[in-house]
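This is what each chain is made of:
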Amino acid sequence: MQVIFIGILASLFFASTFVLNRAMELAGGSWIWSASLRYLLTLPFLLLIVAMRKNMGLLIHELRSNLSEWLIWSTIGFGFFYAPICFAAAYGPAWLVAGSWQITIVAGSLLVPLIYRSSETTNGVQKIPLRELFISMFILFGVLLIQVRDDSNLVINDLIIGILPVTIAAFAYPLGNRKMMEICDGRLDVYQRVLGMTIASLPFWLILSAYGLTTVGLPKLDQVLSSFTVAIFSGIIATVLFFYATDKAQNNPQTLAMVEATQAGEIIFTIIGEMIFLAGIAPAGWSLVGIMIVFIGMIAHSFNFKRSNLTCPENSG
């Protein structure tokens, strides 16, 4: 039960991203700085962690060996992920962005043929996992319902602003990270890989910061402090907690499935956080139904994951 509690705790800290990004927007901060500062402020802590583990030399070697691929996939995995998330926070409540983010589950299934190879097919391309895709489409239906708010009429502009940026982020995150895992091929640990991707995505963040300077000026102190909190809570604490829990559970498929399911708590914690700290209005009607569908779908994914591992013990790690 300890790893389950740790997984739930990780989802709590992950949820802080959505609440704090929305809070910065409501306080007059720009999404540009919310995005850029998160990675710029995380960098020193990651450098310290990797340096203390005495793993910096290997990381530098890997960066030099495949610099172009590091730059491309890190920019996609981090830049095209977090900037759209922050942009979406400027146009909708935190719980709406957190709910829409679950599109990433659909993205993960659809990206399988582009990322993984298989010796069981004639063309060497891994097939799309249809069972997982079906569950993911069920979740996507819930996401669409989340967008239908009872206090306003749904128009095409609201739909585009609410869904499109998060959809881009939902595909960019798994694509960039999985490609980087393929490039690293197990030679780097989690901390090295995250630090390497942060360093390689710096050109993107510096360009975005330069754009912010010329359009909105320097960020206010309160936005810097809030971004620092996001960097610590989400970039450091949540990531370490979640990977610790999954590492502990990796040899037990049933426990691992339960740990994965705890991340559905992000939506619940985001709703509670927005109501407490931002005086947000609780979702109701079709939006509430959509959230429940997303939650049920994520649990179904976890049980399906457990079933797959139980029938294929060699995949359990």
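Here the structure is a predicted model, which is why all the values come from computation and not from measurement. (Residues numbered from 1 in each chain as written. Predicted model: local features only at pLDDT ≥ 70, side-chain atom pairs only at ≥ 80, totals over all residues. Heavy atoms only, no water.)

1. Side note on the overall build of the protein
- For the protein, the helix and strand inventory stands at 15 helices and zero strands.
- Evaluated residue by residue, the protein yields a buried proportion of 50% over its 317 residues.
- In the protein, the proportion of contacts linking residues at least 24 apart, taken out of those at least 6 apart, comes to 85%. (Helix = DSSP H or I, 4+ residues; strand = E, 2+ residues; numbered from the N terminus. Buried < 20%, exposed > 50% of the residue type's maximum accessible area, 1.4 Å probe, protein only. Contact = heavy atoms within 4.5 Å.)

2. Side note on the confidence of the model for the protein
- Per-residue pLDDT for the protein averages 80, and the proportion of residues at 70 or more is 78%.
- Least confident of the elements in the protein is helix α13 (residues 253-261), whose mean pLDDT is 60; most confident is helix α11 (residues 202-215), at 97.
- Counting interchain partners and residues more than four positions distant, the pLDDT-below-50 stretch residues 312-317 has six contacts. (pLDDT = per-residue confidence, 0-100.)

3. As for the side chain of S11
- Residue placement: S11 occurs in helix α1 (residues 2-26).
- Owing to a relative accessible area of 0%, S11 belongs among the buried residues under this scheme.
- A polar side-chain atom of S11 sits 2.7 Å from the main-chain carbonyl oxygen of I8.
- Each residue touching S11, except ones within four places of it in the same chain, is listed here: T262, Q263, G265, E266 and F269. (Polar contact = N/O pair within 3.5 Å; in protein donor to acceptor, adjacent residues only side chain to side chain.)

4. What to know about helix α4 (residues 67-89)
- If you check α4, its first and last C-alpha atoms are 32 Å apart, about what 23 residues at 1.5 Å a residue would give, namely 33 Å.
- At T75, α4 shows its maximal kink, close to 35°. (Expected span 1.5 Å × (residues − 1). Bend = angle between axes of the 7 residues up to and from the residue.)

5. As for the pattern of salt bridges
- With the rule as written, the count across this model stands at three salt bridges.
- Here K179 and E182 are joined by a salt bridge, their closest N and O atoms 3.7 Å apart. With a gap of three residues between them, K179 and E182 both fall in helix α9 (residues 156-184), about one helical turn apart.
- Judged by relative accessible area, which is 44%, E182 ranks as partly exposed. (Salt bridge = Lys/Arg side-chain N within 4 Å of Asp/Glu carboxyl O.)

6. Looking at the side chain of R38
- With respect to the helices, strands and loops of the structure, R38 is situated in helix α2 (residues 31-52).
- For R38, which is buried and forms no salt bridge, the nearest opposite charge comes from E266, at a distance of 11 Å.
- Residues within four places of R38 in sequence aside, it is in contact with W33, Y82, S227, V230, A231, S234 and G235. (Lys, Arg positive; Asp, Glu negative; His and termini not counted.)

7. Here's the deal with the nonpolar core
- Judged by nonpolar contacts, the single largest core of 56 residues is most densely connected at W70, Y82, W101 and W205.
- In terms of residues, this core owes the most to one element, α4, which gives 10 residues.
- Other than its neighbours up to four places away in sequence, W101 contacts F18, F81, I85, V166, A169, A170, Y173 and E266.
- Core analysis: the second largest hydrophobic core is formed by 10 residues, I4, F13, A238 and A245 among them. (Core = buried A, V, L, I, M, F, W, Y, C linked by side-chain atoms within 4.5 Å.)

8. Some thoughts on a nonpolar patch on the surface
- Taken together, the side chains of I268, I272, M275, I276, F277 and F295 define a hydrophobic patch exposed on the protein surface, amounting to about 580 Å² of accessible area.
- With five residues, the top contributor of residues to the nonpolar patch is helix α14 (residues 265-277).
- With respect to the helices and strands, F295 occurs in helix α15 (residues 286-311). (Patch = residues over 30% accessible without salt bridge, like charges linked within 9 Å, V, L, I, M, F, W, Y side chains within 5 Å. Areas by Shrake-Rupley, 256 points an atom, 1.4 Å probe, with all protein chains shown as cover.)

9. Points about helix α3 (residues 56-65)
- Along α3, the positions that sit buried rather than exposed are L59, E62 and L63. One side of α3 holds all its buried residues, which, seen down the axis, span an arc of 100°. In α3, the exposed residues that point more than 90 degrees away from the buried face are G57 and R64.
- Summarising the contacts, the buried residues of α3 are in contact with α4 and α10 (190-200). (Arc of directions from axis to C-beta.)

10. Regarding the packing of aromatic side chains
- Evaluation of the coordinates by the stated rule reveals 13 aromatic pairs.
- Here Y39 and F78 contribute two aromatic rings whose centre-to-centre distance is 5.0 Å and whose plane-to-plane angle is 35°, an arrangement assigned as tilted. Of this pair, Y39 sits in helix α2 while F78 sits in helix α4, placing them 39 residues apart in sequence. The same class applies to Y39 as to F78, namely buried.
- Ring geometry for F80 and F204: centres 5.7 Å apart, planes at 75°, overall edge-to-face. Of the two residues, F80 sits in helix α4 while F204 sits in helix α11, which places them 124 residues apart along the sequence.
- Of the residues examined, F80 reaches a relative accessible area of 38% and is grouped as partly exposed.
- In this structure an aromatic cluster arises from ring pairing among Y39, F78, F80, F81, Y82, W101, Y173, F204 and W205.
- In this arrangement the basic side chain of R38 is found over the ring face of Y39, its NZ or CZ atom lying 4.5 Å from the centre.
- Across the ring face of Y82, the terminal group of R38 is positioned such that the distance to the ring centre comes to 5.4 Å. (Phe/Tyr/Trp six-rings, centres within 6.5 Å; stacked < 30°, edge-to-face > 60°. Lys NZ or Arg CZ within 6 Å of the ring centre and 35° of its normal.)

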